[in-house]
Amino acid sequence: MRNVLNRLLIVVIGLVLLGGGGWLGVNALVARDEVSWQLPSWWRGPRAYDHLVDRAALDRMRDQGWWAPVVISGLAVLFLLFLFWLLAQGRSRGPASLLLRRSGGRLRRGALESAVTAEAETLPGVAGARARLTMKKRGQRRFRARMTVVLEPYAEPGPVLDGLVHGPLKDAGSSTGFGIPATTVRMRATGHRGRRVR
Amino acid sequence: MSQVPDGRAVESPSAPKPRRSWSARRAPAVLCALLGAAACAAVLYDVVSVRFGGTPSPWRHALLNHLYGMSVTDALAVVAAAVLVVVGLWLIFLAVTPGARKRAPMKPPGGDVRAFLDRSATALLLRDVALEVPGAGDAKIRVRRRKVRVRATVRFGDPTEVEAELTRALTSKRDGLGLARPPRLAIRVRPDGDWTPPVPEQAESAGSEDAPMTAGGKK
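The structure displayed is predicted, hence computed values, not measured ones.

Chemist: Report on the pattern of salt bridges, specifying residues and quantitative values.
Modeler: Counted under the stated rule, the structure contains eight salt bridges over all chains. Measuring nitrogen to oxygen at the nearest pair gives 3.8 Å for the salt bridge that ties Asp59 of chain A to Arg62 of chain A. Remark: Arg62 of chain A and Asp59 of chain A occur in helix 2 (residues 55–63); sequence separation between them is three residues, near one turn of the helix. For the salt bridge of Asp46 of chain B with Arg60 of chain B, the shortest nitrogen-to-oxygen distance reads 2.5 Å. Of this pair, Asp46 of chain B sits in helix 1 (residues 26–51) while Arg60 of chain B sits in helix 2 (residues 58–69), placing them 14 residues apart in sequence. One exposure class covers both Asp46 of chain B and Arg60 of chain B, and it is buried.

So, in structure tokens, the structure goes:
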């Protein structure tokens with residue numbers, strides 16, 4: 001699930017940054033004598049007037065035979081992980097058309113989307129609508145919809161929502177045979193000037 | 001939650017508790033992934049090209065030289081540490097909080113359907129109702145997660161009557177929004193610059209009709 005993955009990776013990156021920053025900060029503050037903390041014996045870090053990066057130790061590691069392959073493969077793995085994470089942000093909405101088992105017809109996703117949109121826009125109180133459907137093979141459980149509804153001034157969102165469920169969404173369910181899609185509806189309103197009573 | 005006539009949320013105990021919308025946090029995820037991938041790609045390209053007989057690129061040379069020359073006591077070390085800690089804390093905060101505060105969950109309409117009403121839509125719908133109240137001038141509406149603050153000016157009529165009428169109209173609109181957890185209304189009115197008190201004779205001659213302005217303004 002992308003939601004969980006995103007939050008997990010963000011918290012991991014946050015912890016890494018916090019840990020690195022905390023380590024650097026404690027070392028720097030102690031070295032600058034700005035605080036008089038007694039660092040525990042297991043603490044590893046540069047002491048006062050040390051260089052931040054120990055060049056001699058780094059050069060010794062570079063001379064080892066395993067250094068270059070480890071660095072290169074580590075960077076490559078990390079790069080691929082970031083790349084897959086980036087690609088996972090795109091939404092997969094399944095094939096562009098589906099074979100309907102009951103009727104044998106082929107249904108284009110775009111056609112169903114525009115039908116749902118058009119029906120939603122006929123509801124009272126709806127100024128505009130947009131529907132995005134997800135249909136995967138092996139049907140029902142993967143039939144999802146995301147709708148954005150723009151409300152007219154003076155609309156009643158509650159009845160509009162009921163109208164959506166009993167109108168376009170129900171019809172989309174019965175026309176595909178998948179049942180009412182798992183739907184997330186977002187209701188917006190467009191800005192307009194208020195009408196004042198004189 | 002207690003039930004107060006003046007606009008406290010009325011909740012039916014049997015209704016299923018709607019889940020709050022948890023944001024997918026796409027923007028920070030995309031940002032982190034892009035920065036991470038770009039940094040890895042740049043270093044990887046340089047390391048591999050050096051491996052195959054190239055020379056290190058000037059930016060890596062400069063960066064490493066700077067790092068080698070840097071001491072823990074440098075002010076830059078403290079600044080870098082502070083930036084890292086702040087960014088790290090911010091990312092952790094983003095990861096553990098739901099976000100999507102501007103989308104209020106609506107009462108589940110049945111089926112596997114979840115609906116959310118934008119905060120700005122709530123504000124616009126309530127403002128339209130407030131402006132229709134006779135005597136109400138400007139209405140400034142600020143919607144928070146649990147509370148709607150309404151600041152209205154009175155252009156004519158008795159401010160207490162205008163406030164009562166505003167409360168009635170806004171409460172009924174609020175309850176019609178279909179929100180799972182209707183926000184509390186905090187309504188305050190003040191006379192605007194041109195406001196003149198209603199003429200007493202007119203109010204007395206109206207007799208039993210106690211709110212002439214309200215009656216006159218009804219459509």
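Chemist: Please set out the interface of chain B and chain A residue by residue, giving values where relevant.
Modeler: The interface is formed by 76 residues belonging to chain B together with 74 residues belonging to chain A. Together, the buried faces of chain B and chain A total about 6200 Å²; carbon and sulfur atoms form 67% of this surface. Remark: the boundary between chain B and chain A carries two salt bridges. Inspection of the region where chain B meets chain A yields 17 residue pairs in polar contact (both at pLDDT 80 or more). When residues of the side of chain B that touches chain A are traced back to their parent elements, those giving at least two are helix 1, helix 2, helix 3 (75–96), strand 2 (113–118), helix 4 (119–131), strand 3 (136–143) and helix 5 (159–176) of chain B. Ranked by residue count, the leading element in the side of chain B that touches chain A is helix 1 of chain B, at 16 residues. The residue makeup of the side of chain B that touches chain A, split by class, is 48 nonpolar, 12 polar and 16 charged. Across five bridges, the pairing between strand 5 (residues 182–189) of chain A and strand 2 of chain B is parallel. Across the sheet, residue Val185 of chain A finds its bridge partner in strand 2 of chain B, namely Ala115 of chain B.

Chemist: Describe unusual backbone geometry, listing the residues and the values that go with them.
Modeler: Of all residues except glycine, most have a negative phi; of all peptide bonds, most are trans. Phi angles above zero are rare outside glycine, and Tyr154 of chain A is one such case at about 70°. Its place among the elements puts Tyr154 of chain A in the loop between strand 4 (144–151) and helix 5 (157–176). Despite not being glycine, Ala100 of chain B has its phi angle at roughly 50°, a positive value. Summarising the element assignment, Ala100 of chain B is placed in the loop between helix 3 and strand 1 (103–105).

Chemist: Pulling in residues and values, what's your account of the side chain of Asp128 of chain B?
Modeler: Residue and element names in this part refer to chain B. As for its position among the elements, Asp128 is in helix 4. Residue classification places Asp128 among the buried positions, given a relative accessible area of 0%. Among the polar contacts made by the side chain of Asp128, one reaches the side chain of Arg127 at a distance of 3.4 Å.

Chemist: So what's going on with the nonpolar core? Residues and values would help.
Modeler: Ranked by size, the top nonpolar core spans 37 residues in total, and within it Met147, Leu151, Val185 and Met187 of chain A together with Leu117 of chain B carry the most contacts. Those elements that provide at least two residues to this core are helix 4 (109–121), strand 3 (126–134), strand 4, helix 5 and strand 5 of chain A together with strand 2 and helix 4 of chain B. With six residues, helix 5 of chain A is the largest single contributor of residues to this core. For Met187 of chain A, the residues in contact, after removing those within four places along its chain, are Val149, Leu151, Pro157, Val160 and Leu161 of chain A together with Met106, Phe116, Leu117, Asp118 and Ala121 of chain B. Counting residues in each nonpolar core, the second largest holds 21 residues, with Ala123, Val150, Ala169 and Leu185 of chain B among its members.

What counts, and at which threshold
- Note that residues are indexed from 1 along each chain, following the sequence as it is written.
- Chain letters start at A and ligand numbers start at 1, both assigned in the order the entries are written.
- Per-residue local features of the predicted model are confined to residues with pLDDT of at least 70, and side-chain atom pairs are confined, for both listing and counting, to 80 or more; whole-chain, interface and lining totals are unaffected and use all residues.
- Neither water nor hydrogens contribute to the side-chain values; these are computed over all heavy atoms in the structure.
- Salt bridges are counted wherever a side-chain nitrogen of Lys or Arg sits within 4 Å of a carboxyl oxygen of Asp or Glu.
- Secondary structure elements follow DSSP: runs of H or I no shorter than four residues count as helices, runs of E no shorter than two count as strands, and numbering proceeds from the N terminus.
- Partly exposed describes any residue whose relative accessible area lies between the buried limit of under 20% and the exposed limit of over 50%, with all areas from a 1.4 Å probe on protein chains only and scaled to the type maximum.
- Contact between two residues is taken to exist if any of their heavy atoms lie within 4.5 Å; hydrogens are not considered.
- Two parts placed together each lose some accessible area under a 1.4 Å probe, and adding up what both lose gives the buried area.
- Here a polar contact is recorded for every N or O atom pair within 3.5 Å, except that within protein the pair must consist of a potential hydrogen donor and a potential acceptor, and residues adjacent in sequence are included only if both atoms are side-chain atoms.
- The residue classification treats Ala, Val, Leu, Ile, Met, Phe, Trp, Tyr, Cys and Pro as nonpolar and Asp, Glu, Lys and Arg as charged. All others, Gly included, are polar.
- Strand pairing follows a simple DSSP-based rule, namely that at least 2 bridges must link the two strands.
- Only buried residues count toward a nonpolar core. Its members are Ala, Val, Leu, Ile, Met, Phe, Trp, Tyr and Cys residues joined through side-chain atoms within 4.5 Å.

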